[in-house]
Amino acid sequence: MPILNIPSDAFSHGQIKSKLWLCEHFKKWAEIHFKQESGYTLNWYGSWIGLGPLLLLSFNNNVFKKINLFDLNEYDLKSSASVLDFWRCESIEVNTFNSDVNTITPSKDANQLFVNTACEHIAGSAWLKNIPVGSYVLLQSTDMPHIEHINCPENAKDFLSKYIEEIQILDTQELAFQYPDKSFKRFMLLGIKK
Ligand SMILES: C[S@@+](CC[C@H](N)C(=O)[O-])C[C@H]1O[C@@H](n2cnc3c(N)ncnc32)[C@H](O)[C@@H]1O
């Protein structure tokens, strides 16, 4: 049986809490904004090992018919296909793309959700500009200083200011984390691509 070699940080309290927080809010947002019968395509940018999509589908298994995962790390992307194999067996189409999200031109299909919970890691803005008009967009970022965080907002206002020109904002949320060695905030928004 193949062994998955995946980073333990993906299972840290902060990483899992951030994704459960996303799932809980998405459940409410889906009831208001998403036509349940439509069968949305979930595009996850910086999908890492696929825990975000695994949890989101487990909370909302009647919204999505297809998942497209995009990441620069080929090994983590392969792991994410294993992590999501349950949903493939449940007839969800799972596709992986080893690409820089700033270089892709997404399909212009209707009924798409684009998720990026790694905004603090991703340079440039082509990835956002290229999302088709009318698609739903769900973003998370953090003010936590870290060597790999090259695009941190200073606060919730700064987070919104980075995206407001491209996204019609439907809701925003903020969550504080406190640990013995650090404290930080995560910011989240749901909107529609302008
Ligand atoms: C540490 S992980 C994600 C952390 C974040 N808290 C989350 O759970 O989504 C960041 C991921 O973004 C990916 N990434 C960074 N820049 C990218 C880019 N330009 N295109 C695609 N993936 C990218 C990395 O390969 C990595 O898998």
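Digging into the nonpolar core
- Core analysis: the biggest nonpolar cluster contains 32 residues, and F26, F34, L42, L56, F64, L113 and L138 have the highest contact counts within it.
- Counting residues per element, the ones that place at least two in this core are α1 (13-33), β1 (40-45), α2 (51-59), β2 (64-70), β4 (112-116), β5 (136-142), β6 (167-179) and β7 (182-193).
- Ignoring anything within four residues of it in the chain, the contact list for L56 reads L22, C23, F26, L42, W44 and F64.

Observations regarding the environment of L22
- Tracing the sequence through the fold places L22 in helix α1.
- Residues L22 and M144 lie 122 residues apart in sequence; the distance between their C-alpha atoms is 18 Å.
- Sequence-distant contacts of L22, defined by excluding residues within four places in its chain, comprise W44, L56, V115, T117, L138, Q140 and M188.

Quick word on the packing of aromatic side chains
- Here the structure, examined in full by the defined rule, presents 16 aromatic pairs.
- On the basis of an interplanar angle of 80° and a centroid distance of 6.3 Å, the ring pair of Y45 and W127 is categorised as edge-to-face. Of this pair, Y45 sits in strand β1 while W127 sits in helix α5 (residues 126-129); the two residues are 82 residues apart in sequence, bridging distant segments of the chain. Taken individually, Y45 and W127 each receive the classification buried, so the pair is uniform in this respect.
- With a centroid separation of 5.4 Å and 70° between ring planes, the pair formed by F159 and Y163 is classed as edge-to-face. Taken together, the residues span about one helical turn, with F159 and Y163 both in helix α6 (residues 156-163) at a distance of four residues. An identical accessibility class is assigned to F159 and Y163; each is buried.

Considerations on the packing of α1 against α2
- Packing of α1 against α2 brings their axes to within 9 Å, and their N-to-C directions diverge by 35°. Seen from above, α1 lies across α2 with right-handed handedness. Packed against α1, whose contacting residues are I16, K19, L20, L22, C23, E24, F26 and K27, the element α2 presents L51, G52, L55, L56 and F59 at the interface.
- Tallied by class, residues from the contact of α1 with α2 come to nine nonpolar, one polar and three charged.

Section: unusual backbone geometry
- Despite not being glycine, W48 shows a phi value in the positive range, around 55°.
- By the element assignment, W48 lies in the loop between β1 and α2.
- In this model, N111 sits at a positive phi of 55°, which is unusual for a non-glycine residue.
- Structurally, N111 is set in the loop between β3 (93-97) and β4.

With respect to the site of the ligand
- Lining the immediate surroundings of the ligand are 16 residues, of which K19, D71, D100, V101 and T117 lie closest.
- At 3.3 Å from a nitrogen atom of the ligand is found a main-chain nitrogen or oxygen belonging to L72.
- One of the side-chain nitrogen or oxygen atoms of T117 is found 2.5 Å away from an oxygen atom of the ligand.
- Within the complex, 88% of the 600 Å² of free accessible area of the ligand lies under protein.
- Using a 2 Å cut-off from the grid points, one finds that the ligand occupies the largest pocket.
- Here the residues of the shell around the ligand sort into five nonpolar, six polar and five charged.

Each value, and the rule that gives it
Residues numbered from 1 in each chain as written. Predicted model: local features only at pLDDT ≥ 70, side-chain atom pairs only at ≥ 80, totals over all residues. Heavy atoms only, no water. Core = buried A, V, L, I, M, F, W, Y, C linked by side-chain atoms within 4.5 Å. Buried < 20%, exposed > 50% of the residue type's maximum accessible area, 1.4 Å probe, protein only. Helix = DSSP H or I, 4+ residues; strand = E, 2+ residues; numbered from the N terminus. Contact = heavy atoms within 4.5 Å. Phe/Tyr/Trp six-rings, centres within 6.5 Å; stacked < 30°, edge-to-face > 60°. Axes fitted to C-alpha atoms, helices over the stretch in contact; angles between N-to-C directions. Left-handed = near helix turned anticlockwise from the far one by under 90°. Nonpolar A, V, L, I, M, F, W, Y, C, P; charged D, E, K, R; others polar. Near = heavy atom within 4 Å. Polar contact = N/O pair within 3.5 Å; in protein donor to acceptor, adjacent residues only side chain to side chain. Areas by Shrake-Rupley, 256 points an atom, 1.4 Å probe, with all protein chains shown as cover. 1 Å grid on protein atoms, 1.4 Å probe; cavity = no way out; pocket = protein on both sides within 12 Å on 5 of 7 lines; lining within 4 Å. Sits in = over half its atoms within 2 Å of the grid points.

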